[in-house]
Amino acid sequence: MVVSCGGGSDNKEEPVVPPVVSIKTQTVTGEAGSQFLTVSASGNWTITTSASWLTVSPASGSGNSSTVILSYSENTDAIRNATITISSSGGSASASITQGKLIVPDPTPTTPPIGPDDPGEEDHHDENGYGFKTAPYKWLELSQTKEDDKQEFFTHYMTLGGAKARNYSYYWNYDDLVSTWVAYPLCAGNIGSGGRTDQWGLDPLLPDKKQPVLFKAYTGFGSRGHQIPSADRLSRDANIQTFYFTNMTPQDYDFNGGTWANLENLVRTWARKTGTTAGTDTLYVVTGCFIGNSTRKSYDNNGKPVTVPEGYFKALLRYKNNESVGHKGFMACAFYLENSNKYDSKISKGMSMSIADLEKKLGYNLFVNLEAKVGAETTKTIKEENPATVSWWWQ
């Protein structure tokens with residue numbers, strides 16, 4: 001919808017055109033997300049919003065633009081409305097947006113696990129006393145957690161649009177000193193802007209003795225391979241968290257900088273896609289390592305052994321607030337790649353696999369909260385679909 005207003009000019013030699021702002025989707029779900037605005041104006045313009053949960057980038061410019069990003073944070077309260085206003089020498093124009101409430105099966109805790117003294121959360125801690133035995137959240141990106149596998153669940157948070165939002169969660173393997181998986185939502189709005197900080201650091205949610213120390217590279221095999229990529233979180237504080245040592249695994253150097261990096265770039269491309277049916281509102285991402293039968297070790301800066309994974313995977317759940325897209329707005333794609341440099345750098349559809357096939361490989365379930373949203377049959381359809389046959393992934 002295009003909404004414009006504002007006066008023109010009586011100067012026939014230099015007419016000043018009233019500005020125009022266009023929003024493709026005026027009603028959005030409670031999920032955090034983003035979309036492009038289309039702006040048309042004479043000369044310089046500025047854009048403001050009436051609510052802190054709604055931001056634009058850039059907020060000023062000149063002439064016409066179709067690359068202004070409108071971002072909105074997750075909404076778990078009541079339905080809310082806001083106005084976007086563009087002002088220029090030709091007057092002003094406005095458009096409205098409505099965001100629904102995010103529906104989750106159970107209330108979501110609002111504070112991250114901190115440590116054994118965190119009040120009211122003792123029942124979730126195991127004998128290590130640092131994280132949760134099982135994930136207490138109902139986010140769509142999360143994978144299966146178990147009470148008896150000696151692993152723990154943690155979440156790091158960031159600020160998005162002035163509000164607290166999840167950055168990423170991880171499932172920590174104390175025996176192998178790697179995260180079995182890292183999970184997070186991805187869209188243009190939470191990728192943000194900025195650069196790579198390279199601020200390698202210890203994860204504040206765990207003591208030094210419970211994580212590898214990697215201010216320098218591993219001794220032995222592998223580079224310090226990110227699970228949530230640095231480029232998936234570009235705002236400074238969020239990017240720093242991607243350099244925590246709990247997000248690292250010993251990954252083949254050429255694989256990390258070649259095939260794996262190209263897959264990461266492709267995932268961001270899918271997350272940034274726009275359009276009523278071709279776009280992505282949120283791409284839910286799980287990145288993980290597969291230990292399998294590996295007995296190979298690399299060593300941290302203090303000599304602690306870290307298991308070298310046999311391979312790595314990415315599981316992707318694309319959501320578009322359009323029931324005609326995929327299956328009730330969802331479709332999925334997965335990859336499993338060995339921890340080696342044997343691949344061509346180009347990512348092809350032949351490398352992809354269904355979520356169901358990846359689950360068989362891993363031995364645990366992915367996207368465990370999807371069924372509560374779309375039902376058992378639709379979840380089965382989504383997970384069993386072969387992504388190589390779905391053109392959207394390869395356009």
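Provided above is the structure to which this section pertains.
Computed from a predicted model, the values in this text were never measured in an experiment. (Residues numbered from 1 in each chain as written. Predicted model: local features only at pLDDT ≥ 70, side-chain atom pairs only at ≥ 80, totals over all residues. Heavy atoms only, no water.)

Side note on the packing of aromatic side chains
In step 1: This model, assessed by the stated rule, comprises 21 aromatic pairs.
In step 2: Here the aromatic rings of phenylalanine 154 and tyrosine 170 are separated by 5.1 Å at their centres, their planes lie at 15°, and the arrangement is stacked. Of this pair, phenylalanine 154 sits in strand β11 (residues 151-160) while tyrosine 170 is found in strand β12 (residues 163-173), placing the two residues 16 residues apart along the sequence.
In step 3: The interplanar angle of 25° and the centroid separation of 5.5 Å between the aromatic rings of tyrosine 171 and tryptophan 181 together place this pair among those described as stacked. Placement of the pair is tyrosine 171 in strand β12 and tryptophan 181 in strand β13 (residues 178-186), with a sequence separation of 10 residues.
In step 4: The class of tyrosine 171 is buried, set by a relative accessible area of 2%. (Phe/Tyr/Trp six-rings, centres within 6.5 Å; stacked < 30°, edge-to-face > 60°. Helix = DSSP H or I, 4+ residues; strand = E, 2+ residues; numbered from the N terminus. Buried < 20%, exposed > 50% of the residue type's maximum accessible area, 1.4 Å probe, protein only.)

Regarding the sheet that holds β11
In step 1: Here seven strands make up an open sheet; going across it, the order is β11-β12-β13-β16-β19-β20-β21 and the pairing antiparallel. What marks the edges here is a single partner per strand, and that holds for β11 and β21 (352-353).
In step 2: The sheet contacts of helix α4 (residues 259-271) involve β13, β16 (282-290), β19 (311-319) and β20 (330-338), and relative to β19 the element is tilted by about 5°.
In step 3: In this fold helix α5 (residues 355-362) packs onto β16, β19, β20 and β21, with an angle of close to 40° to the strand it touches most, β20. (Pairing = 2+ DSSP bridges. Contact = heavy atoms within 4.5 Å. Axes fitted to C-alpha atoms, helices over the stretch in contact; angles between N-to-C directions.)

Remarks on the sheet that holds strand β3 (residues 27-28)
In step 1: The mixed open sheet is built from five strands, whose spatial order is β3-β10-β9-β5-β7. Both outer strands of the open sheet, β3 and β7 (60-62), are each paired with one neighbouring strand and no more.
In step 2: Here strand β5 (residues 44-49) pairs with β7 via three bridges, running antiparallel. Bridging from a neighbouring strand, threonine 46 pairs with serine 60 of β7.

Concerning α5
In step 1: Residues Ile355, Ala356, Leu358, Glu359 and Leu362 constitute the buried set of α5. Along the axis of α5, the buried positions cluster into a sector of 160°, meaning they face one direction only.
In step 2: On the buried face of α5, the contacting elements are β16, β19, β20, β21 and α7 (376-384).
In step 3: One or two positions beyond α5, positive phi appears at glycine 363, with a value near 90°. (Arc of directions from axis to C-beta.)

A look at the layout of surface pockets
In step 1: As a volume, the second largest pocket reaches approximately 440 Å³.
In step 2: As for the second largest pocket, its lining consists of 23 residues, of which Leu160, Ala188, Gly189, Gly192 and Ser193 are closest to the centre.
In step 3: Secondary structure elements with two or more residues in the lining of the second largest pocket: β6 (54-57), β8 (65-72), β11, α1 (188-191) and α2 (236-241).
In step 4: The element contributing the most residues to the lining of the second largest pocket is α1, with four residues.
In step 5: Among the residues forming the lining of the second largest pocket, the class breakdown is 10 nonpolar, 11 polar and two charged. (1 Å grid on protein atoms, 1.4 Å probe; cavity = no way out; pocket = protein on both sides within 12 Å on 5 of 7 lines; lining within 4 Å. Points joined across faces, edges and corners; volume = space filled by probe spheres on them. Nonpolar A, V, L, I, M, F, W, Y, C, P; charged D, E, K, R; others polar.)

Section: the pattern of salt bridges
Once their charged atoms are close, side chains differing in charge can pair, the charge on each being opposite to the other.
In step 1: In the structure shown here, the tally under the stated rule is 10 salt bridges.
In step 2: We note a salt bridge from glutamate 141 to arginine 166, for which the minimum N-O separation is 2.6 Å. Of this pair, glutamate 141 sits in the loop between β10 (91-99) and β11 while arginine 166 sits in strand β12; the two residues are 25 residues apart in sequence, bridging distant segments of the chain.
In step 3: Under the relative-accessibility criterion, glutamate 141 is labelled buried at 0%.
In step 4: Here the residues in one salt-bridge network are Glu74, Glu141 and Arg166, joined through shared partners. (Salt bridge = Lys/Arg side-chain N within 4 Å of Asp/Glu carboxyl O.)

Observations concerning the side chain of serine 294
In step 1: If you trace the backbone, serine 294 turns up in the loop between β16 and β17 (297-299).
In step 2: We classify serine 294 as buried; its relative accessible area is 18%.
In step 3: Engagement of the side chain of serine 294 in a polar contact is seen with the backbone oxygen of valine 308, the distance being 2.6 Å.
In step 4: Contact partners of serine 294, with chain neighbours within four places excluded, come to Thr307, Val308 and Glu310. (Polar contact = N/O pair within 3.5 Å; in protein donor to acceptor, adjacent residues only side chain to side chain.)

Overview of the pairing of β19
In step 1: The buried count for β19 comes to nine of nine residues, which makes it a mostly enclosed element.
In step 2: A two-sided burial pattern is seen for β19, the buried positions comprising Gly311, Phe313, Ala315, Leu317 and Tyr319 on one face and Tyr312, Lys314, Leu316 and Arg318 on the other.
In step 3: Bridging between β16 and β19 involves nine bridges; their strand directions are antiparallel. By the bridge assignment, valine 285 is partnered in β19 with leucine 316.

Focus: the environment of alanine 315
In step 1: One can find alanine 315 in strand β19.
In step 2: Separated by 174 residues in the primary sequence, alanine 315 and glutamate 141 place their C-alpha atoms 9.1 Å from one another.
In step 3: If we ignore the near neighbours within four places in the chain, the residues touching alanine 315 are Tyr284, Val285, Val286, Cys333, Ala334, Ile355, Leu358, Leu366 and Phe367.

Some points on the side chain of glutamine 35
In step 1: Tracing the backbone shows glutamine 35 in strand β4 (residues 33-40).
In step 2: Apart from residues lying up to four places away in sequence, glutamine 35 is in contact with Ile23, Lys24, Thr25, Val28, Val68, Ile69, Leu70, Tyr72 and Ile97.

Looking at the nonpolar core
In step 1: One finds Leu283 and Trp393 to be the most contacted residues of the largest nonpolar core, which totals 46 residues.
In step 2: Breaking this core down by element, the ones donating at least two residues are β12, β13, α4, β16, β19 and β20.
In step 3: Ranked by residues supplied to this core, first place goes to α4 with five residues.
In step 4: Setting aside anything within four residues of it in sequence, one finds leucine 283 in contact with Tyr184, Pro185, Leu186, Val267, Trp270, Ala271, Leu316, Leu317, Arg318 and Trp393. (Core = buried A, V, L, I, M, F, W, Y, C linked by side-chain atoms within 4.5 Å.)

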